[in-house]
Amino acid sequence: MTADRSVLPRQCRGQAGMPHEAPHTAPPCCAGPDRENHHSGKDSTGSDAGSDAEGQRNQAVFTPDGLTARAMGISCAAACNPACSDPELRRLLTASGISAWQTDRLREVLALAAEASPYYRQALQGVDPASISARGGLHRLPLLHADVLRRAPLSLLCTSQDDVARVVTLDTSGTSGRPKRLFFSEEDLNATVEFFSWGMQSVGHPGDTVLAVLPGERPASVGRLLGTALENAGMRSVAGNMGQGAPALARLAHTEKAAVIVGSASHVRHLALAWQQAGYDPGRIHTVLLCWDSVPPAVAGLIRRIFGCRVLVHWGMTETGLGGALGCGHQGLHLREADLLAEVIDPVTGTPLPDGQEGELVITTLRRRTMPLIRYRTGDLARLLAGACPCGSPLRRISPGRGRTGEGITLPDGGSLYPADLDNILLPLAGLHDFEACWQPWAGTPLQITLYPAPAAGTDRTLRQQAEKALADSPLPAALTRHGGTTFHVARTAPQAGFGKRRIRVIPQGTPPLNSGESYHEQLP
């Protein structure tokens, strides 16, 4: 088996797998994204609706539409050039056409998996691929659990191990035991680069500098793949790391004249506050793309206000090939339907849920041949949105939920508390650097929150009072007060910022109580 083969620079793969030179500039007849619209500061995140006028301007430039048409073999200008505004695309690319095409790809991957994969050969016994379609019969297929990726990942392979170009090992936060392992071919990696390259041309413009605050130390990591994609799109990539500290990242963005920032909501929030503290021009950044973790609306709003820019959202995970769904500025995120078939199920019963109802997101990869995932339970909460998007794209949309299954804390009255709930309440506080939350149901006050002040914050007492008021003004206190309420602590030593996702720690009974200035981060693994 080989690993970490290079992804072809400045190229993307077409339907037949042939290299295709990515365009670097749009011809005069082709309209790119409206730069004036980017600077308006009025655009919405992927979870809010924009105005009709904004929708009309964005309608012709949502580039993943062109990539989908390209994959489907539709002949039109927008399928050849991501920057090209092609009215024919709206006529040729339809929801029904996409569904029919996905059905053909689904049946192909079912036939391949049943023949070539030891796991699927047994799991798909008795399944007739011709009886399954993208919109019907999926419930007759078994669900694929993450445990298979831990116990027997090789059993999912449908090609020789010699075709594997990248092996990704995922340690799941808060759990022990074997990590998940995923295998990607060079063609899989190039498909990700292609999706990033086309998608980023709805985010930025040729010639833009993009600051990417993403993991990029390893070959074929998300930061490296995005860097190649930006080069293909005629943009310049600058890598940032939260280990540098937010003030240094803000200086980097300012010095390098970044026009676009890509990163998690938490990291970009730190960068935005440092940018504001340094007094940099709020009009320099025209777009922020938030990814990697949940995006609390209040944090997106804070980032939008500081930079005076539009904020877009991307959802993806390693299992989807990193790319998954991209916001256009209206409600929801448009799915990467050329490669993914999505459904939502009841996380307890596994029953498919109708559009609009929140449940667990399940995905099937449609064009992956090395390690296809069929009805894979992502663990992410989401809902599929019904109806057409105002932007005009026929790609289906998801609206990400509050977090992941099993991530929330169940309250005694049956309610739940997720890390994103607390993010939305506390992270808008400018004097707060970060916080951690711990749940101890056996204690008098079960929710313990440790606040880490920002360097220029006021007194500990002021920060504690601001946090208490923010929580009191939210919908959460009634439920928490019934069960003893919340205790806030202030600690001066914050954990180092990394790429781990936030979680609520459950404190074992018998753990000593916190003293003033302490945090459970210092006591627990």
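Look a little higher up for the structure.
Residues numbered from 1 in each chain as written. Predicted model: local features only at pLDDT ≥ 70, side-chain atom pairs only at ≥ 80, totals over all residues. Heavy atoms only, no water.

1. Thoughts on the overall build of the protein chain
Looking only at helices and strands, one finds 15 helices and 21 strands in the protein chain. Residues classed as buried in the protein chain amount to 54% of the 525 residues present. Put simply, of all contacts in the protein chain between residues at least 6 apart along the chain, 69% involve residues at least 24 apart. For the protein chain, the accessible area works out to roughly 21,200 Å², and carbon and sulfur atoms hold 51% of it. (Helix = DSSP H or I, 4+ residues; strand = E, 2+ residues; numbered from the N terminus. Buried < 20%, exposed > 50% of the residue type's maximum accessible area, 1.4 Å probe, protein only. Contact = heavy atoms within 4.5 Å. Areas by Shrake-Rupley, 256 points an atom, 1.4 Å probe, with all protein chains shown as cover.)

2. Section: the side chain of threonine 318
Along the chain, the position of threonine 318 falls in the loop between β9 (310–315) and β10 (325–327). Residue classification places threonine 318 among the buried positions, given a relative accessible area of 17%. With sequence-adjacent residues up to four places away left out, threonine 318 is seen in contact with Val168, Leu170, Leu182 and Phe184.

3. Re the pairing of strand β5 (residues 209–213)
Counting buried positions along β5 yields five of five residues, so the element is predominantly enclosed. Alternating positions in β5 separate into two faces, Thr209, Leu211 and Val213 on one and Val210 and Ala212 on the other, with burial throughout. Sheet analysis places β5 next to strand β6 (residues 236–240), joined by five bridges and oriented parallel. Residue pairing across strands places valine 210 opposite serine 237, the latter belonging to β6. (Pairing = 2+ DSSP bridges.)

4. Side note on the sheet that holds strand β7 (residues 260–263)
Pairing is mixed in the open sheet, where 11 strands are placed in the order β6-β5-β7-β8-β9-β10-β11-β15-β14-β13-β12. If you trace the sheet from one side to the other, it starts and ends with β6 and β12 (340–345), each paired once. Taking the axes of each pair of neighbouring strands and ignoring which way they run, one obtains an average angle of 35° across the sheet. Against the sheet, helix α12 (residues 297–307) engages β7, β8 (287–290) and β9, with an angle of about 160° to β8. (Axes fitted to C-alpha atoms, helices over the stretch in contact; angles between N-to-C directions.)

5. Here's the deal with the packing of helix α3 (residues 64–72) against helix α5 (residues 95–116)
Between α3 and α5, whose axes approach to 11 Å, the crossing angle comes to 45°. The orientation of α3 relative to α5 falls into the category oblique. Crossing of α3 over α5 shows left-handed handedness. Along its contact with α3, which presents Thr68, Ala71 and Met72, the element α5 presents Gly97, Ile98 and Trp101. The class makeup of the residues in the contact of α3 with α5 is four nonpolar, two polar and no charged. (Parallel < 35°, antiparallel > 145°, perpendicular 65-115°, else oblique. Left-handed = near helix turned anticlockwise from the far one by under 90°. Nonpolar A, V, L, I, M, F, W, Y, C, P; charged D, E, K, R; others polar.)

6. Side note on the nonpolar core
Residues Met200 and Val262 are the most contacted members of the largest nonpolar core, which totals 89 residues. Those residues in contact with methionine 200 that lie beyond four places of it in its chain are Val210, Leu226, Leu230, Met235, Val260, Val262 and Leu289. Listed in part, the 51 residues of the second largest apolar core include Leu271, Ala274, Trp439 and Val490. (Core = buried A, V, L, I, M, F, W, Y, C linked by side-chain atoms within 4.5 Å.)

7. So, the sheet that holds strand β21 (residues 505–506)
In a beta sheet, neighbouring strands are held together by backbone hydrogen bonds and run either parallel or antiparallel to one another. Read across the open sheet, the four strands follow the order β20-β19-β18-β21; overall the sheet is mixed. Edge positions in the sheet fall to β20 (486–490) and β21, since each of these pairs with one other strand and no more. Pairing of strand β18 (residues 432–439) with β21 involves two bridges; the strand directions are parallel. Counterpart to tryptophan 439 in the pairing with β21 is valine 506. Its contacts with the sheet place helix α13 (residues 419–426) against β18, β19 (447–453) and β20, and it is angled at close to 145° to β18. Contacting β18, β19 and β20, helix α14 (residues 460–472) runs over the sheet at an angle of about 150° to β20.

8. Some points on the packing of aromatic side chains
Counted under the stated rule, the structure contains four aromatic pairs. Pairing tyrosine 119 with tyrosine 120 gives two aromatic rings, centres 5.3 Å apart and planes at 75°, and the pair type is edge-to-face. The class of tyrosine 119 is partly exposed, set by a relative accessible area of 23%. For tyrosine 120, a relative accessible area of 2% puts it in the buried group. Between the aromatic rings of tryptophan 275 and tyrosine 280, the centroid separation amounts to 5.1 Å while the plane-to-plane angle is 70°, which identifies the pairing as edge-to-face. (Phe/Tyr/Trp six-rings, centres within 6.5 Å; stacked < 30°, edge-to-face > 60°.)

9. Structural notes on the pattern of salt bridges
According to the stated counting rule, one finds 18 salt bridges in the structure shown. The partner of aspartate 339 in a salt bridge is arginine 367, with the nearest N and O atoms 3.1 Å apart. Here the residue aspartate 339 occupies a position in the loop between β11 (333–335) and β12, and arginine 367 occupies one in the loop between β13 (359–365) and β14 (376–385), the gap between them amounting to 28 residues. Here aspartate 339 falls in the buried class, since its relative accessible area comes to 11%. (Salt bridge = Lys/Arg side-chain N within 4 Å of Asp/Glu carboxyl O.)

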